[in-house]
Amino acid sequence: MRTVLASQLSSIRVTTTDGREIGTLRNITLDTATGEFQTVVVDSDVAEVFSVERDSDGCIRLPATLIQSVRDHLTIHPPTEQNVSGSDAGGL
C-alpha cells in the first residue's frame, strides 16, 4: 500500500468493499509503542457496519485491520476472525 499522510485522511469518505458509503473518517488511533493503527473512527448516519453499532457520538469504531485500501476514499472489508483478532492495519 502506498504511503498516505495523515492530513490527507481528514474527512475522507469511508466505503465498504460492496460500495456502501458509511460516512467520513473522523479519527484514527494507533499504538504509540509500535506505530501500528488500531482503530478507524467514522462519522456515520448508518446504525451499524459489520455488526458494530454507532456510539452516542454518532461514530462507528472499526478495527484498522479492516482497511483494504486508501485512494480517493478509504475502503474497508468485512471482518474475518483473523483480522478482527489481529493488530495488523493492512499496511496503511
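The text that follows walks through the structure, step by step, so that each part is easy to find. Because the structure is a prediction, the values reported are computed rather than measured.

Cut-offs applied
- Residues numbered from 1 in each chain as written.
- Predicted model: local features only at pLDDT ≥ 70, side-chain atom pairs only at ≥ 80, totals over all residues.
- Heavy atoms only, no water.
- Pairing = 2+ DSSP bridges.
- Helix = DSSP H or I, 4+ residues; strand = E, 2+ residues; numbered from the N terminus.
- Axes fitted to C-alpha atoms, helices over the stretch in contact; angles between N-to-C directions.
- Contact = heavy atoms within 4.5 Å.
- Polar contact = N/O pair within 3.5 Å; in protein donor to acceptor, adjacent residues only side chain to side chain.

**A short note on the sheet that holds strand β7 (residues 67–70)**
Part 1 of the reasoning: On the basis of which strands lie adjacent, the open sheet formed by six strands has the order β6-β3-β2-β1-β8-β7 and mixed pairing. A single partner strand is all that each edge strand has here, and the edge strands are β6 (59–63) and β7. Looking at each pair of strands side by side, their axes are set apart by 35° on average, direction ignored.
Part 2 of the reasoning: Sheet analysis places β7 next to strand β8 (residues 74–76), joined by three bridges and oriented antiparallel. When the sheet's bridge partners are listed, Ser69 is paired in β8 with Thr75.

**Things to note about the pairing of strand β1 (residues 13–16)**
Part 1 of the reasoning: The sheet contact formed by β1 and strand β2 (residues 21–30) spans three bridges and is antiparallel. What sits directly across from Arg13, in β2, is Thr24.
Part 2 of the reasoning: Note that β1 and β8 share three bridges and pair parallel. Of the residues in β8, the one forming a bridge with Thr16 is Ile76.

**Topic: the environment of Asp72**
Part 1 of the reasoning: Within the secondary structure, Asp72 is located in the loop between β7 and β8.
Part 2 of the reasoning: Taking the C-alpha atoms as reference, Asp72 lies 9.6 Å from Val14; in sequence the two are 58 residues apart.
Part 3 of the reasoning: What Asp72 contacts, discounting residues up to four positions off in sequence, is Ile12 and Arg13.
Part 4 of the reasoning: A distance of 2.8 Å separates polar atoms of two side chains, one belonging to Asp72 and the other to His73.

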